[in-house]
Amino acid sequence: MDVKDQIGFNLPHMFGKETEYIMEALRNKKLSGDGEFTKKCHEFFEKKYTFKKVLLTTSCTDALEMSALLLDIQPGDEVIAPSFTFVSTVNAFVLRGAKIVFADSTAENPNLNVEQIEALITPKTKVIIPVHYAGIACDMDPIIAIAKKYNLHVVEDAAQAIDSFYKSKPLGSLGDISGFSFHETKNVISGEGGMIVLNDEKYFKRAEIIREKGTNRSAFFRGEVDKYGWVDIGSSFLPSEIIAAFLFAQLEHLDVIQEKRKTSWNIYNDLLKPLEQKGIIRLPFLPGYATNNAHMYYIICNSAAERSALVATMKKQNIVPVFHYQSLHKSPYFNDKHDGRTLEYADYYSDRLLRLPMYFQLSESDVNRVAESIHSFYKST
Ligand SMILES: *Cc1c(COP(=O)(O)O)cnc(C)c1O
């Protein structure tokens, strides 16, 4: 029996100028942070998405940690976030002593169930963190309305949400602050990498300080102060020029990347539609207010056991699908801190959601092979 080439879950891709730009950074004799390439990346995002201010960070995790510092989160402050998310969404706030109050996902897709938020608010609540799962927007208007009503901050975890929109507004531009990721599994990559987006001028100055170890070095380099020193708390959140140079080469191809991923996404969707129509599996749900940035293609199986059997079958055919988050409210770290509420849909997606291979080089025949494998599994069960 001939064994077909493996279709992995993710493959990083280079567009040609990554190493050239890294060499240019070397020639510029500037490899630490905030050189020419960092500036170019900042300008790219501020212009393309009209973000008020962008600062590259070494990860989205760092951007979220910066958010918690910027919002002066204190021990006992409460943060409302989905349980079906990556640990960094909330760990960043736990580091400041915050208490996490987990909300459930919606029945339609893994995003935050907005209808449940208000009941979770107490006098100690400070922040709501919508996570745009798979790059598909949360319903931001009601979230922002609730935040206004109770005087709360909104931090968007936009790690997966590059080039995606809510009612024509770019994701990342709707909350007070937001974080993006350029981890190698995201649409645009720099290995590890991220950025913080500041949508309110009142954070600009302090964000620079927090990102530069609590010093006013950025203002010093602009000539605004004649010496720099320790002025606040902070850490080292800025990436080197090597990372920014790599990232900029990717950003120059953003449109190509997005087009290719959307093509693969649509082929998956067309090929798997019949299984959804027969009620055999569920496919991603896109609300009318959201665009699709093709960060991820997932299916929803009927049970954890069915998903395991499907994964085993696909792996035998040398295809690597992967499931995703395990509800954080049931995690070893958080389990005994959770207030006992059942979060039905967080568990539902933990048990049933399966992500299919999705990356730039994925070919149409690869997508066909993956879809065929799923079809044949369900034909035989
Ligand atoms: C990838 C991801 C993160 C973490 O991003 P890093 O850049 O790896 O720190 C956080 N939240 C979500 C929803 C993610 O998908």
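Residues numbered from 1 in each chain as written. Predicted model: local features only at pLDDT ≥ 70, side-chain atom pairs only at ≥ 80, totals over all residues. Heavy atoms only, no water.

## So, the overall build of the protein chain
Note the threshold: We count a stretch as a helix when DSSP gives it H or I for four or more residues in a row; a strand needs E for two or more, and each element gets its number in order from the N terminus. Throughout, radius of gyration means the C-alpha value; the globule benchmark is 2.2 Å times the number of residues raised to the power 0.38. In this scheme, a residue with accessible area under 20% of its type's maximum is buried, one over 50% is exposed, and one in between is partly exposed, where area comes from a 1.4 Å probe on protein chains only. Between two residues, a contact is recorded if the distance between any of their heavy atoms is within 4.5 Å.
Within the protein chain one finds 13 helices and 12 strands. In terms of overall size, the protein chain behaves like a compact globule, its C-alpha atoms giving a radius of gyration of 21 Å where 381 residues would be expected to give roughly 21 Å. With the principal axes as the frame, the protein chain shows a C-alpha extent of 75 × 55 × 35 Å. Evaluated residue by residue, the protein chain yields a buried proportion of 56% over its 381 residues. For the protein chain, contacts bridging at least 24 residues in sequence account for 71% of all contacts bridging at least 6.

## Let's talk about the sheet that holds strand β4 (residues 125-128)
Heads up, the rule is: In this scheme, strands are said to pair when DSSP sees at least two bridges between them. Under this scheme, a helix contributes an axis fitted over its contacting stretch, all axes are lines through C-alpha atoms, and angles between N-to-C directions fall in the 0 to 180 degree range.
Within the open sheet, the 7 strands sit side by side as β1-β9-β8-β5-β4-β2-β3. Their pairing is mixed. Two strands in the sheet have a free side with no partner beyond their single neighbour: β1 (53-57) and β3 (99-103). On average, each strand axis in the sheet is inclined to that of its neighbour by 25°, with strand direction left out of account. The pairing of strand β2 (residues 78-82) with β4 spans 3 bridges and is classified as parallel. Within the sheet, the bridge partner assigned to Glu78 lies in β4 and is Thr125. Running over the sheet, helix α6 (residues 140-150) touches β4 and β5 (153-157) and is turned about 150° from β5.

## Points about unusual backbone geometry
Unlike most non-glycine residues, Ala134 shows phi in positive territory, near 60°. Along the chain, the position of Ala134 falls in the loop between β4 and α6. In this structure, Asn318 is a non-glycine residue whose phi angle is positive, near 65°. Among the structural elements, Asn318 can be located in the loop between α11 (304-316) and β11 (322-323).

## Thoughts on the packing of α11 against helix α13 (residues 364-380)
The test is simple: An angle below 35 degrees is treated as roughly parallel, one above 145 as roughly antiparallel, one from 65 to 115 as roughly perpendicular, and anything else as oblique. Put simply, a crossing is left-handed when the front helix is turned counterclockwise from the back one by less than a right angle, and right-handed when it is turned clockwise. Gly counts as polar in this scheme, as do all residues outside two lists: the nonpolar Ala, Val, Leu, Ile, Met, Phe, Trp, Tyr, Cys and Pro, and the charged Asp, Glu, Lys and Arg.
α13 packs onto α11 with a crossing angle of 125° between their chain directions and a minimal axis gap of 10 Å. Taken together, α11 and α13 sit at an angle that is classed as oblique. Here the hand of the crossing between α11 and α13 comes out right-handed. Residues Glu306, Ala309, Leu310, Thr313 and Met314 of α11 form the contact with α13, whose participating residues are Val370, Ser373, Ile374, Phe377 and Tyr378. Residues belonging to the contact of α11 with α13 are distributed by class as follows: 7 nonpolar, 2 polar and 1 charged.

## Here we look at the pattern of salt bridges
So the rule is basically this: For this analysis, a salt bridge means a side-chain nitrogen from Lys or Arg found within 4 Å of a carboxyl oxygen belonging to Asp or Glu.
Taken as a whole and assessed by the stated rule, the structure comprises 19 salt bridges. Close ionic contact of Glu208 with Arg222 constitutes a salt bridge, the shortest N to O distance being 2.9 Å. In this pair, Glu208 is assigned in helix α7 (residues 204-211) and Arg222 in the loop between α8 (217-221) and α9 (241-251), connecting sequence segments 14 residues apart.

## What about helix α12 (residues 344-352)?
Those residues of α12 not exposed but buried are Ala346, Asp347, Tyr348, Tyr349 and Ser350. In this structure, the buried side of α12 is in contact with β10 (297-300), α11 and β12 (353-356).

## Remarks on a nonpolar patch on the surface
Worth spelling out the cut-off: Here, patches come from residues exposed beyond 30% relative accessible area and free of salt bridges, joined within 9 Å for like charges and within 5 Å for nonpolar side chains (Val, Leu, Ile, Met, Phe, Trp, Tyr). The method behind every accessible area is Shrake-Rupley, applied with a 1.4 Å probe, and residues are considered shielded solely by the protein chains displayed.
A cluster of nonpolar side chains, namely Met23, Leu26, Leu31 and Ile242, defines an oily patch on the protein surface of about 320 Å² accessible area. With respect to the helices and strands, the residue Leu26 is situated in helix α1 (residues 18-27). In this structure Leu26 comes out as partly exposed when scored by relative accessible area, which is 42%.

## A closer look at the packing of aromatic side chains
Cut-off, in case you're wondering: Stacked, tilted and edge-to-face are the three classes assigned to paired rings of Phe, Tyr and Trp, where Trp is represented by its six-membered ring and a pair needs centres within 6.5 Å; plane angles under 30 degrees give stacked, over 60 edge-to-face, the rest tilted. A ring has a charge above it when a Lys NZ or an Arg CZ is no more than 6 Å from the ring centre and no more than 35 degrees off the ring normal.
A full pass over the atoms with the stated rule returns 26 aromatic pairs. Ring centres of Tyr21 and Phe248 lie 6.0 Å apart, and the angle between their planes is 35°; this geometry places the pair in the tilted category. One end of the pair, Tyr21, is in helix α1; the other, Phe248, is in helix α9, and 227 residues separate them in sequence. Classification of Phe248 by relative accessible area gives buried; the value is 12%. Relative to Tyr228, the ring of Phe220 has its centre 5.4 Å away and its plane inclined at 55°; by these criteria the two rings are tilted. Taken together, the ring pairs connect Phe84, Phe86, Tyr133, Tyr298, Tyr325, Tyr345, Tyr348 and Tyr349 into an aromatic cluster. It is Lys53 that lies over the ring of Phe204; its NZ or CZ is 5.8 Å from the centre. Over the face of the ring belonging to Phe360 we find Lys260, whose NZ or CZ atom lies 5.3 Å from the ring centre.

## Some points on the sheet that holds β12
Note on sheets: strands pair through backbone hydrogen bonds, and any given pair is parallel or antiparallel. On the basis of which strands lie adjacent, the open sheet formed by 3 strands has the order β10-β12-β11 and antiparallel pairing. Each end of this open sheet is capped by a strand with a single partner; those strands are β10 and β11. Two strands pair when backbone bridges link them, and β11 and β12 are joined in this way by 2 bridges, in the antiparallel orientation. Bridge pairing in β12 links Val322 to Arg355.

## Quick word on the side chain of Glu306
Which entries qualify depends on this criterion: Counted as positive: Lys and Arg. Counted as negative: Asp and Glu, with His and the chain ends omitted from the count.
By the secondary structure assignment, Glu306 is in helix α11. Salt bridges are absent for the buried Glu306, whose nearest opposite-charge side chain, Arg352, sits at 8.1 Å.

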